[in-house]
Amino acid sequence: MPVVNKARLMQLYSSLRKRFGYLNWWPGETRDEIIIGAILTQNTSWKNVEKAIARLKENGLLELSRLSSAAIGRIEQSVRPSGFYRQKALRLKGLAAYITSNYKNLDGFFSSETGELRKELLSLDGIGNETADSIILYAAGKPVFVIDAYTKRIMERVYGIDKEMGYEELQKLFMSALGHDTRLFNDFHAQMVELGKNYCRKKPLCAECPARKLCNFARHLQIY
Ligand code: SF4
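Residues numbered from 1 in each chain as written. Predicted model: local features only at pLDDT ≥ 70, side-chain atom pairs only at ≥ 80, totals over all residues. Heavy atoms only, no water.

So, the nonpolar core
Spelled out, the test is: Take the buried residues of types Ala, Val, Leu, Ile, Met, Phe, Trp, Tyr and Cys, join any two whose side-chain atoms come within 4.5 Å, and each joined set is a nonpolar core. Under the scheme applied here, a residue whose accessible area is under 20% of the maximum for its type counts as buried, over 50% as exposed, and between as partly exposed, the area being computed with a 1.4 Å probe on protein chains only. Segmentation into domains, and thus their bounds, comes from an automatic or database assignment. Note on contacts: a residue pair qualifies if any of its non-hydrogen atoms lie within 4.5 Å across the two residues.
Within the largest apolar cluster, 73 residues are counted, with the highest numbers of intra-cluster contacts made by Met155 and Phe188. Two domains each provide a minimum of three residues to this core, namely domain 1 (6-24 + 146-220) and domain 2 (31-139). Discounting residues that sit within four places of it in the chain, Met155 has contacts with Val4, Leu9, Gly160, Ile161, Leu170, Leu173, Phe174 and Met192.

Here it is as structure tokens:
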């Protein structure tokens, strides 16, 4: 397995940060909105999530306490632009009902130790690793590294990481190299998304990419 240590990861982070600046994620004004966005973004683009969030806001449903008691049809109608709207409406209502019935508020829910909170989220319907970790990092402010499809692809191309490497193994690679730094994890993940969206696409745009000097894939193409 290729060596991916703190120095190499920080080199990548610095090159991205120079290009994109500090990104200050996640796009959402409240913790409720971040949690809702983390579910709505499953299998769709952020543009569609924004439309669904705007509708939830118009309908007075951009709060977990409101979602937990709202009729499922109203939630479905609001989140329709994000696709898989029936499934997502159920997931939103389920999570909102779980939090509001088991905890007084989000502070109570987030007061568990990170590993416990992760287990709890993963036990809920429709919440997988990426959604759980996005909620833990961006809404709870606890240090877990979020792995998404962009991050996986970039790690494979830049460092030659095995395509078969699973979510938790890849996450462990980041966290054992970088420690537990919420601010760094927050911005590093945001930088990876920016790189994936703008350059490291399915068909990569290596010639202009800020990571090309560090990238195995670009080296093989003799771009650098
Ligand atoms: S140089 Fe190419 S393959 Fe490497 S990270 Fe950039 S876009 Fe992706």
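What follows continues from the structure just given.
Thoughts on the pattern of salt bridges
Defined as follows: Note on definitions: salt bridges are taken to be side-chain nitrogens of Lys or Arg within 4 Å of carboxyl oxygens of Asp or Glu. Secondary structure elements are defined from DSSP: runs of H or I of at least 4 residues count as helices, runs of E of at least 2 residues count as strands, and each element is numbered from the N terminus.
Inspection of every chain in the model, using the stated rule, returns 8 salt bridges. Lys57 is the salt-bridge partner of Glu29, the closest N and O atoms lying 3.9 Å from each other. Highlighted residues: Glu29 in the loop between helix 1 (6-20) and helix 2 (31-40) and Lys57 in helix 3 (residues 46-58), separated in sequence by 28 residues. One exposure class covers both Glu29 and Lys57, and it is exposed. In this structure, the salt-bridge partner of Lys119 is Glu116, at a minimum N-O distance of 3.6 Å.

Here we look at the packing of helix 1 against helix 12 (residues 182-198)
Short version of the rule: Interaxial angles span 0 to 180 degrees and are taken between N-to-C directions of axes, which are lines fitted to C-alpha atoms, for helices over the stretch in contact. The scheme is simple: roughly parallel for angles under 35 degrees, roughly antiparallel for over 145, roughly perpendicular for 65 to 115, oblique for anything else. Crossings are sorted by hand: turned counterclockwise from the far helix by less than a right angle, the near helix makes the crossing left-handed, and turned clockwise it makes it right-handed.
Packing of helix 1 against helix 12 leaves a shortest axis separation of 10 Å and a crossing angle of 70 degrees. With respect to each other, helix 1 and helix 12 are oriented roughly perpendicular. In terms of crossing hand, the pair formed by helix 1 and helix 12 is left-handed. From helix 1, Leu9, Met10, Leu12, Tyr13, Leu16, Arg17 and Phe20 reach across to helix 12, where they touch Leu184, Asp187, Phe188, Gln191, Met192, Glu194, Leu195 and Asn198.

Quick look at the domain arrangement of the protein
Interface size, as often reported, equals the accessible area lost upon joining of the parts. Short version of the rule: Here the quantity called buried area is the accessible surface, traced with a 1.4 Å probe, that two parts lose on coming together, added over both. Under this definition, polar contacts are N or O atom pairs within 3.5 Å; protein pairs additionally need one hydrogen-donor-capable and one acceptor-capable atom, and for neighbouring residues in sequence, both atoms have to be side-chain atoms.
With domains assigned, the protein is organised as domain 1 (6-24 + 146-220) and domain 2 (31-139). Carbon and sulfur atoms make up 55% of the surface buried where domain 1 meets domain 2, a total of about 760 Å² over both sides. At the boundary of domain 1 with domain 2, the tally comes to 1 salt bridge. In this structure, Glu168 engages Arg118 in a salt bridge whose closest nitrogen and oxygen atoms are separated by 3.1 Å. On inspection of domain 1 and its partner domain 2, the count reaches 6 residue pairs in polar contact (both at pLDDT 80 or more). Elements with a contribution of two residues or more to the side of domain 1 that touches domain 2: helix 11 (167-178) and helix 12. If you tally residues by element for the side of domain 1 that touches domain 2, the top one is helix 12, at 5 residues.

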